[in-house]
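Residue-level listing of the chains:
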Amino acid sequence: VYRALGVLEEEGSYIQQRMFRNTSRVRGRDTTVLYYDGTNVFYECMCGDGFRENGPSKENRPNPITQIGMFTDRDGMPLAVKVCSGNTAETSMMIPLEEDMEGWFEEDSNVVYCTDAGLASYAIRDHNSMAGRDFICVQPIRKLAKGLQEWCMEKKGWRRKFSPEEESEKSRTAEGRAELAREYD
């Protein structure tokens, strides 16, 4: 297995694409919503080796780490994963992984990408605001600027949508989003 790791690294995108296509035929995959998150793994050693490197550890450990980013489909089934050296910024991993997945889905499909606040960089938001994509970033309201906190807590401007399965979601009206964009862009 260890000797195969180099091949797996070189062919990782192709292997993941084939796994996606095959599982889609067997099980069906709901790729209308894709979730992305990243984490890191630490190693019980004190110095890096080019891959295991010191970086921003989520546990604030001084040990070398590697960064891991993963997309899952709407049902939580893994789609694609990328492992990078520990000194790689988490925000720099999402777009290359998305680009690896280009062409996996039907051309006319609209995809909603969901991440947490740590992955809401301008580059990621800009990349996911084109070509039939939407982007949702979840973050605590208390960490927003005062004007954004007030906007989020307003009772007006929200609408409730119901899907055929009677699930509901809360979303702002288009007018509210336009006002927010003008005020905070």
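### Here we look at the pattern of salt bridges
Here's step 1: The final tally for this structure, using the stated rule, is seven salt bridges.
Here's step 2: Between R27 and D75 there is a salt bridge, and its shortest N-O distance comes to 3.8 Å. Residue R27 is located in helix α1 (residues 5–27), and its partner D75 is located in the loop between β2 (65–72) and β3 (78–85); the two are separated by 48 residues in the primary sequence.
Here's step 3: Residue classification places D75 among the partly exposed residues on the basis of a relative accessible area of 49%.
Here's step 4: With a shortest N-O distance of 4.0 Å, R74 and D30 are connected by a salt bridge. Placement of the pair is R74 in the loop between β2 and β3 and D30 in the loop between α1 and β1 (33–42), with a sequence separation of 44 residues.
Here's step 5: Residue classification places R74 among the partly exposed positions, given a relative accessible area of 40%.

### Details of the layout of surface pockets
Here's step 1: The calculated volume of the second largest pocket comes to roughly 550 Å³.
Here's step 2: Lining the second largest pocket are 15 residues, with L5, L8, E9, G12 and V83 sitting closest to its centre.
Here's step 3: If you list the elements that add at least two residues to the lining of the second largest pocket, you get α1, β3 and α2 (94–101).
Here's step 4: Ranked by the residues each element gives to the lining of the second largest pocket, the list is headed by α1, at eight residues.
Here's step 5: The residue inventory of the lining of the second largest pocket, partitioned by class, reads eight nonpolar, four polar and three charged.

### Some details on the sheet that holds β2
Here's step 1: The strand order across the open sheet formed by five strands is β3-β2-β1-β4-β5, and the pairing between neighbours is mixed. Bordering the open sheet on either side are β3 and β5 (133–138), each of which pairs with just one other strand. Direction aside, the axes of adjacent strands within the sheet are offset by 20° on average.
Here's step 2: Examined bridge by bridge, β1 and strand β4 (residues 111–116) share three bridges and lie parallel to one another.

### Describing α1
Here's step 1: The end-to-end C-alpha separation of α1 is 28 Å, well short of the 33 Å expected for 23 residues at 1.5 Å each.
Here's step 2: The largest bend in α1 is about 70°, located at E11.
Here's step 3: For α1, the secondary structure elements touched by its buried residues are β3.
Here's step 4: One or two positions beyond α1, positive phi appears at G28, with a value near 80°.

### Comments concerning the packing of aromatic side chains
Here's step 1: Scanning all chains against the criterion turns up three aromatic pairs.
Here's step 2: Ring geometry for F20 against W104: centres 5.4 Å apart, planes inclined by 20°, an arrangement best described as stacked. In this pair, F20 sits in helix α1 while W104 sits in the loop between α2 and β4, placing the two residues 84 residues apart along the sequence. Each member of the pair, F20 as well as W104, carries the same accessibility label: buried.
Here's step 3: Here a set of aromatic residues connected by ring pairs shows up, and it is made of Y36, F71 and Y113.
Here's step 4: Taking NZ or CZ as reference, R52 lies 5.2 Å from the ring centre of Y43, over its face.

### Quick look at the pairing of β4
Here's step 1: By the criterion of burial, β4 is predominantly enclosed, with five of the six residues buried.
Here's step 2: When β4 meets β5, the two strands line up parallel, connected through six bridges. Bridge pairing links D116 to V138 in β5.

Calculation notes
By convention here, each chain's residues receive numbers from 1 onward along its written sequence. A pLDDT threshold of at least 70 governs which residues receive local features in this predicted model, and a stricter bar of 80 or more applies before side-chain atom pairs are shown or counted, although totals over entire chains, interfaces and linings include all residues. In computing side-chain properties, one takes all heavy atoms of the structure into account and sets aside hydrogens as well as water. In the sections that follow, a salt bridge refers to a side-chain nitrogen of Lys or Arg positioned within 4 Å of a carboxyl oxygen of Asp or Glu. Going along the chain from the N terminus, every DSSP run of H or I of four or more residues is numbered as a helix, and every run of E of two or more is numbered as a strand. The rule is simple: take the accessible area with a 1.4 Å probe, protein chains only, and divide by the maximum for that residue type; under 20% is buried, over 50% is exposed, in between is partly exposed. Using a grid of 1 Å spacing that covers the protein atoms alone, one calls a set of points a cavity when a 1.4 Å probe fits there but cannot get out, and a pocket when the set is open and has protein on both sides within 12 Å along at least five of seven lines; lining residues are those with an atom within 4 Å of a point. Grid points are joined across faces, edges and corners, and a volume is the space filled by probe spheres set on the points. Each residue is assigned to one of three groups, with Ala, Val, Leu, Ile, Met, Phe, Trp, Tyr, Cys and Pro labelled nonpolar, Asp, Glu, Lys and Arg labelled charged, and all others, Gly among them, labelled polar. Paired strands are those between which DSSP finds at least two bridges. Between the N-to-C directions of two axes lies an angle of 0 to 180 degrees, each axis being a line fitted to C-alpha atoms and, for a helix, fitted only over the stretch in contact. Every helix has an expected span of 1.5 Å times one less than the residues it contains. A residue's bend is the angle separating two fitted axes: one through the seven residues that end there, the other through the seven that start there. Only heavy atoms enter the contact rule, under which two residues are in contact if any of them lie within 4.5 Å. Stacked, tilted and edge-to-face are the three classes assigned to paired rings of Phe, Tyr and Trp, where Trp is represented by its six-membered ring and a pair needs centres within 6.5 Å; plane angles under 30 degrees give stacked, over 60 edge-to-face, the rest tilted. By definition here, charges over rings are those cases where NZ of Lys or CZ of Arg is within 6 Å of the ring centre and within 35 degrees of the ring normal.

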